[in-house]
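Each chain, letter by letter, is given below.
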Amino acid sequence: MRRRAGVGAIQKQKLEQEKYKDKGNEIQENQFEQMTKQLEVFRVNLEEFATKHKNEIRKNAQFRKQFQDMCASIGVDPLASGKGFWSVLGIGDFYYELAVQIVEVCLATSYKNGGLIGLGELRTRLIKARGQGKQHQEISQDDLICAARKLKIFGSGFSVVSVGKGQYMVQSVPGELSMDHTAIIERVANSNKAFTSVSMLREELNWEATRAQKALDHLLLEGLVWIDLQDVTEKLYYFPSLFTACINATN
Amino acid sequence: MDKMPEQFEFPWQHSFPPFFTLQPHSETRARQISVWRALILDYFRFAKTCTLDIREASHHPLFNNASINRKLDNEFILAALSDLQRTQNAAPVDKQRHRWEIYWHTLEEWGNLIYNYVTNRGATGSVLTLFELTQGEDVQDEEFCGLETDVLVKALRVLEGEGKCEVITSDDLEGVKFF
């Protein structure tokens with residue numbers, strides 16, 4: 001029978017473990033230090049880059065998009081804070097300003113579209129509202145999406161709804177839209193009509209009648225669609241936000 | 001050459017089919033009614049008329065957009081007119097509430113417009129015929145030019161109540177004296 005280890009052996013083992021632990025810590029610290037250094041270098045470079053190209057970032061929509069993409073790919077959000085070194089650049093400010101203007105346009109048009117607006121219409125109205133003086137600051141759809149997404153921090157009141165094929169709509173009324181609702185909006189946005197109906201949804205999305213009716217009732221309740229009872233075949237549900245004459249109306 | 005009278009320009013809602021169906025959702029309905037209110041007043045201001053018979057209204061181009069095959073039913077028209085009545089912008093003429101007068105200016109506003117015109121011309125104290133007031137050469141540029149006599153008299157009655165004029169009606173003369 002083998003003798004079990006005595007007190008001495010246990011102590012020795014403990015000592016060894018501690019040594020390993022120390023070494024481990026040392027390595028970890030080293031790595032951490034190096035990482036911090038690297039990050040610092042990177043931060044400085046990014047800052048330098050951003051400062052150097054500040055004007056281009058502000059003025060050139062495409063450049064701004066690329067800068068955003070670059071930041072996104074390394075997990076940096078230049079809009080996350082108005083403080084710190086990013087505030088020097090005024091990039092955050094640019095988007096904050098946009099966000100405020102988006103809210104303004106949404107509120108100004110909600111009386112007619114119920115708080116759902118296509119990104120294209122939003123952009124047209126926003127650019128018009130910004131006036132001639134700032135026309136050098138071209139606003140792209142990417143900028144708008146970027147700024148509108150920031151509005152999420154105010155709760156469910158603002159959200160960007162993707163309606164497929166690179167099209168987006170901004171919803172500015174409280175209340176979440178479910179998958180079914182977005183699916184309906186997407187269907188209608190990608191048709192050349194501004195309305196849908198239970199039978200159209202049954203046909204296009206393979207839904208049961210009750211499912212379609214429930215989703216449409218909800219949209220009606222949210223004020224996003226208007227009902228038309230004068231069609232000879234069935235009830236039609238219209239999105240003013242997708243109705244061309246409404247989109248183009250000046251008031 | 002005389003300028004052709006321009007066509008009335010309908011707002012986009014007039015070509016939006018559900019605009020002609022009373023909306024069940026309260027907020028949407030409130031918006032819908034308010035657009036109809038403004039549209040009715042604008043249209044009557046443009047057409048320079050004041051009278052409307054609900055029984056014939058479903059053929060009226062204002063309430064019936066043939067190009068999209070949508071029209072308001074009488075109940076809806078009555079609801080819109082009642083809403084206008086609430087703000088003194090319309091009033092039924094008969095008990096059945098079939099015939100209506102539309103006031104794109106309220107009677108009080110009409111009265112003030114006329115009274116301001118008269119005082120600006122220094123015509124207080126003199127008697128003007130109703131014809132002069134709405135058809136005369138001097139009033140051609142005034143907004144109340146061509147105002148229907150029934151409405152004119154009602155507006156003058158309001159002024160009379162304020163002691164600003166006296167409406168004189170005898171068989172051969174319809175006139176008004178301003179104070």
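Residues numbered from 1 in each chain as written. Chains lettered and ligands numbered in written order. Predicted model: local features only at pLDDT ≥ 70, side-chain atom pairs only at ≥ 80, totals over all residues. Heavy atoms only, no water.

(A) Highlighting helix α1 (residues 26-47) of chain B. The first and last C-alpha atoms of α1(B) sit 31 Å apart over 22 residues, in line with the 32 Å expected at 1.5 Å per residue. Backbone geometry just downstream of α1(B) places B:Lys48 in the positive-phi region, at approximately 55 degrees. (Helix = DSSP H or I, 4+ residues; strand = E, 2+ residues; numbered from the N terminus. Expected span 1.5 Å × (residues − 1).)

(B) Representation of the environment of A:Val100 in the model. All names here are of chain A. Within the secondary structure layout, Val-100 lies in helix α5 (residues 91-113). With relative accessibility at 48%, the residue Val-100 sits in the partly exposed group. For the pair Val-100 and Leu-216, spaced 116 residues apart in the sequence, the C-alpha separation amounts to 31 Å. (Buried < 20%, exposed > 50% of the residue type's maximum accessible area, 1.4 Å probe, protein only.)

(C) Spatial organisation of the domain arrangement of chain B. All names here are of chain B. Here chain B is described as being made up of domain 1 (14-102) and domain 2 (107-178). The centre of domain 1, based on its C-alpha atoms, is set 29 Å off from the matching centre of domain 2. The interface is formed by six residues belonging to domain 1 together with seven residues belonging to domain 2. Buried area between domain 1 and domain 2, summed over both chains or domains, comes out near 560 Å², and the portion from carbon and sulfur atoms is 32%. Among the residues of domain 1 in contact with domain 2, Lys-48, Cys-50 and Glu-101 are the three that bury the most area, contributing 71% of the side total. Across the domain 1-domain 2 interface, the total number found is two salt bridges. Across the domain 1-domain 2 interface, the total number found is three residue pairs in polar contact (both at pLDDT 80 or more). (Domains from an automatic or database assignment. Contact = heavy atoms within 4.5 Å. Buried area = accessible area lost by both parts, 1.4 Å probe. Salt bridge = Lys/Arg side-chain N within 4 Å of Asp/Glu carboxyl O. Polar contact = N/O pair within 3.5 Å; in protein donor to acceptor, adjacent residues only side chain to side chain.)

(D) Focus on the sheet that holds strand β5 (residues 226-228) of chain A. All names here are of chain A. Pairing is antiparallel in the open sheet, where three strands are placed in the order β4-β6-β5. Here the strands that pair on one side only, and so sit at the sheet edges, are β4 (195-196) and β5. The pairing of β4 with strand β6 (residues 236-238) spans two bridges and is classified as antiparallel. If you follow Phe-195 over to β6, its bridge partner there is Tyr-238. Along the sheet, helix α10 (residues 209-221) makes contact with β4, β5 and β6, crossing β6 at roughly 40 degrees. (Pairing = 2+ DSSP bridges. Axes fitted to C-alpha atoms, helices over the stretch in contact; angles between N-to-C directions.)

(E) Spatial organisation of the nonpolar core. Core analysis: the biggest nonpolar cluster contains 86 residues, and B:Trp36, B:Leu156 and B:Phe178 have the highest contact counts within it. Tallying contributions element by element places α1(B) first for this core, with eight residues. Setting aside its immediate chain neighbours within four residues, B:Phe178 contacts B:Ile114, B:Tyr115, B:Val118, B:Thr124, B:Gly125, B:Ser126, B:Leu128, B:Leu133, B:Leu156, B:Leu159, B:Lys164 and B:Cys165. Ranked by size, the runner-up nonpolar core spans 21 residues in total, among them A:Tyr95, A:Ile117, A:Ala147 and A:Ala148. (Core = buried A, V, L, I, M, F, W, Y, C linked by side-chain atoms within 4.5 Å.)

(F) The side chain of B:Thr106, seen in detail. All names here are of chain B. Relative to the elements of secondary structure, Thr-106 occurs in the loop between β5 (99-102) and α4 (107-120). Using a relative accessible area of 12% as the deciding quantity, one classes Thr-106 as buried. Apart from the residues lying within four places of it in its own chain, the contact partners of Thr-106 are Thr-87, Gln-88 and Asn-89.

(G) Region of interest: the interface of chain A and chain B. Taken together, the contact between chain A and chain B spans 23 residues of the former and 17 residues of the latter. Counting each side, the surface lost to burial between chain A and chain B is near 1,700 Å², with a carbon and sulfur contribution of 65%. For the chain A face of the interface with chain B, the top three residues by lost area are A:Trp226, A:Gln230 and A:Phe243, together amounting to 41%. In this assembly, chain A and chain B are joined by one salt bridge. In this structure, the connection of chain A to chain B is made through seven residue pairs in polar contact (both at pLDDT 80 or more). Those elements that place two or more of their residues in the side of chain A that touches chain B are α5, α10, β5, β6 and α11 (244-248) of chain A. Split into classes, the residues belonging to the side of chain A that touches chain B amount to 14 nonpolar, five polar and four charged. (Nonpolar A, V, L, I, M, F, W, Y, C, P; charged D, E, K, R; others polar.)

(H) Spatial organisation of the domain arrangement of chain A. All names here are of chain A. Here chain A is partitioned into domain 1 (19-172) and domain 2 (176-250). Domain 1 puts 17 residues into the contact, and the matching count from domain 2 is 18 residues. With both chains or domains summed, domain 1 and domain 2 bury close to 1,400 Å², and 56% of this area falls on carbon and sulfur atoms. When residues of domain 1 are sorted by the area they lose upon contact with domain 2, Lys-112, Leu-116 and Val-163 head the list and together hold 31% of the total. Counting every contact that joins domain 1 to domain 2 gives zero salt bridges.

(I) Region of interest: unusual backbone geometry. In this structure, A:Asn206 takes a positive phi of about 65 degrees despite not being glycine. Residue class for A:Asn206 comes out exposed when judged on its relative accessible area of 71%. Non-glycine residue B:Asn69 carries a positive phi angle of around 60 degrees. Within the secondary structure layout, B:Asn69 lies in the loop between β2 (64-65) and β3 (70-71).

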